[in-house]
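Here are the chains, one letter per residue:
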Amino acid sequence: MKLAFFEVDSLDQKIYINAFPQDEVIFFDGELINNVPLAARDADVISIFVCSRITAEVLKQFSRLKFIAQRATGYDNIDIDAAIKYGIQVASVPDYAVQTVAEYVFALLLCLSRKIYDAYYRLRHEHYFSHKNLQGFDLYKKKLGVVGTGNIGKKVIGIAQGFEMEVIAYDIFPDHKYAHLMKFSYCSFEDLLSQSDIITFHVPLNKVTHYMLNKKNISLVKKGAYIINTARGGVIETDALVEALDKNIIAGAALDVLEEECFTRDPLSLLIDNSPEKNELKAVLENHYLINHPKVIVTPHNAFNSYEAMRRLIFNTIENIIAWQKGKPINLVLKR
Ligand code: NAD
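None of the values given here were measured: they were computed from a predicted structure.

**Q** Could you give an account of the environment of Asn316, with specific residues and numbers?
**A** Along the chain, Asn316 turns up in helix α13 (residues 307-325). Separated by 223 residues in sequence, Asn316 and Val93 have C-alpha atoms that sit 6.5 Å apart. For Asn316, the contacting residues outside a window of four places in its chain are Val93 and Tyr96.

The structure is reproduced here in structure tokens:
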């Protein structure tokens, strides 16, 4: 079989080569967008990361592709309906970074609540040893609104209880047993927005969750609340966030993910390789505004990036491919 891996750094390539001694394994440093490289067009399996975009147009360029091994939990960068149409199965890695992302949520939250970055910057770059204007707030007894109580949302709730925060949550499939066990309550999304001191997003990006927080409902957010997003950029309408910051509806935000974040990483690709869409250009501009905003902390989709999680990601991807090769696929994504 021919296996084509995209977005794999050179250190990890050896692991994949050793895992598939019978197969032809090829690598591409960059992501798979628009044009499939000639050498990959007869691949049976491809493995990609979050900046590849698997559209129907991309799928058409493969002559015998049968399996996509997504190296992430979310799979919003793959047109699943098109894959199903072409008889291609898709697997993702559901729980490699559950604890890892949940811990990162609190790293971001503590940076916001205790102005850690400002304190560090002041001392390192301004050589000014003073706590003046660095007053933060306690997490103790603050209300945390958790949007999405799947694997990561649940871990976040567990950690929040260590801080003795009050938790409310919203999920289309509420887990009432877990809520009883962990002593939190479910409410509507609107109530969560208006009651939470901090709102954290843990839903997948799909047609329903796209712009879940938007220009219409952001005015419901409690004045002075903070927003954390480690899910996917498209869950929040960037326009709404920018406006809410400007109008002081929200006091701050910590974002590990952004709308059109892959173009934000490489804006030139938008101009050279594509006919840029207006909304893509707008998102890239707004992202730069957010990155430079004093009340916002942006990190480059880094929440999953611990040593342990990366090991799990690699080995679970290998398991997904081997299980599919043996005709017993696991972790299949069935539909959007
Ligand atoms: P999960 O599938 O275990 O949980 C998702 C939860 O969202 C489920 O409980 C589901 O019922 C709920 N949900 C789905 N649609 C909803 C809707 N319309 N309204 C309300 N709730 C809804 O997923 P997870 O492991 O907790 O991961 C969540 C997301 O985090 C992933 O989809 C991925 O996009 C993101 N993620 C980001 C990173 C990172 O590095 N930043 C790493 C891993 C995962």
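**Q** Outline α13, listing residues and values.
**A** With 19 residues, α13 ought to run about 27 Å at 1.5 Å a step, and its terminal C-alpha atoms sit 27 Å apart, in line with that. Burial in α13 covers these residues: Ala309, Leu313, Ile314, Asn316, Thr317, Ile318, Asn320, Ile321, Ala323 and Trp324. Where the residues of α13 are buried, they touch β1 (2-6), α1 (10-19), β3 (45-48), β4 (67-70), β5 (89-91) and α4 (98-114). Residue Gly327 follows α13 closely and has a positive phi angle near 80°.

**Q** Could you give me a rundown of the sheet that holds strand β6 (residues 143-147), with the residues and numbers involved?
**A** An order of β8-β7-β6-β9-β10-β11-β12 is seen for the 7 strands of this open sheet, with the pairing classed as parallel. Of all strands in the sheet, those bounded by a partner on one side alone are β8 (185-186) and β12 (296-298). The pairing of β6 with strand β7 (residues 166-170) spans 5 bridges and is classified as parallel. Residue Lys143 lies in a different strand from β7, and its bridge partner there is Glu166.

**Q** Break down the site of the ligand for me, citing the residues and quoting the values.
**A** By nearness alone, 25 residues border the ligand, and Asn151, Ile152, Asp171, Thr230 and Asp256 come closest of all. A distance of 3.3 Å is found between an oxygen atom of the ligand and a side-chain nitrogen or oxygen belonging to Arg232. Asp256 places a side-chain nitrogen or oxygen 3.0 Å from a nitrogen atom of the ligand. A class-by-class count of the residues in the shell around the ligand yields 13 nonpolar, 9 polar and 3 charged.

**Q** Account for the sheet that holds β5, with residues named and values stated.
**A** Pairing within the open sheet is parallel, and its 5 strands lie in the order β2-β1-β3-β4-β5. Since the sheet does not close on itself, it has two edges, and those belong to β2 (24-28) and β5, each with one partner. Here the average twist between neighbouring strands, direction ignored, is 15°. Where β3 meets β4, 4 bridges bridge the pair, whose relative direction is parallel. Note on β4: the bridge partner recorded for Ile48 is Gln70. Sheet strands touched by α13: β1, β3, β4 and β5. Its angle to β4, the strand with the most contacts, is close to 160°.

**Q** Can you tell me about the pattern of salt bridges, naming the residues and giving the values?
**A** It is possible for side chains of opposite charge to pair when their charged atoms get near one another. Within this structure, the stated rule accounts for 15 salt bridges. Ionic pairing is found between Glu57 and Lys60, a salt bridge with its closest N-O pair at 3.3 Å. Residue Glu57 and its partner Lys60 are located together in helix α2 (residues 56-60), separated by 3 residues, close to a single helical turn. For the residue pair Glu57 and Lys60, the accessibility class agrees, reading exposed in each case. Between Glu243 and Lys247 there is a salt bridge, with its nearest N and O atoms 2.9 Å apart. Judged by relative accessible area, Glu243 falls into the partly exposed class, the value being 32%. Among the charged side chains, a network of salt bridges with common partners joins Lys215, Asp239, Glu243, Lys247, Lys282 and Glu286.

**Q** Which residues make up unusual backbone geometry, and what values go with them?
**A** With a phi angle near 55°, His127 is a residue other than glycine that sits in the positive phi range. Residue position: His127 is located in the loop between α5 (116-126) and β6. A positive phi is found at Asn133, a non-glycine position, where the angle reads about 65°. Position of Asn133 relative to the elements: it lies in the loop between α5 and β6.

**Q** Go over the environment of Ala72, please, and point to the residues and values.
**A** Of note, Ala72 is situated in the loop between β4 and α3 (80-85). Given the relative accessible area of 1%, Ala72 is considered buried. Distance in space between the C-alpha atoms of Ala72 and Leu313 is 7.4 Å, their sequence separation being 241 residues. In this structure Ala72 touches Val50, Ser92, Val93, Tyr96, Arg232 and Leu313, once residues within four positions along its chain are discounted.

**Q** Lay out the nonpolar core with the relevant residues and their values.
**A** Counting residues in hydrophobic clusters, the biggest one holds 38 residues, and the most contacted among them are Phe106, Leu144, Met165, Phe184, Ile198 and Ile228. Among the elements of the structure, α4, β6, α6 (151-162), β7, α7 (176-182), β10 (225-229) and α13 are those that each provide at least two residues to this core. Per-element accounting of this core gives the leading share, 8 residues, to α4. Taken together, domain 1 (2-92 + 308-325) and domain 2 (98-256 + 258-298) each give at least three residues to this core, which thus spans both. In terms of nonpolar packing, the next biggest core, distinct from the first, is built from 30 residues, Met212, Ala225, Ala240 and Ala253 among them.

Procedures and definitions
- Residues numbered from 1 in each chain as written.
- Predicted model: local features only at pLDDT ≥ 70, side-chain atom pairs only at ≥ 80, totals over all residues.
- Heavy atoms only, no water.
- Helix = DSSP H or I, 4+ residues; strand = E, 2+ residues; numbered from the N terminus.
- Contact = heavy atoms within 4.5 Å.
- Expected span 1.5 Å × (residues − 1).
- Buried < 20%, exposed > 50% of the residue type's maximum accessible area, 1.4 Å probe, protein only.
- Pairing = 2+ DSSP bridges.
- Near = heavy atom within 4 Å.
- Polar contact = N/O pair within 3.5 Å; in protein donor to acceptor, adjacent residues only side chain to side chain.
- Nonpolar A, V, L, I, M, F, W, Y, C, P; charged D, E, K, R; others polar.
- Axes fitted to C-alpha atoms, helices over the stretch in contact; angles between N-to-C directions.
- Salt bridge = Lys/Arg side-chain N within 4 Å of Asp/Glu carboxyl O.
- Core = buried A, V, L, I, M, F, W, Y, C linked by side-chain atoms within 4.5 Å.
- Domains from an automatic or database assignment.

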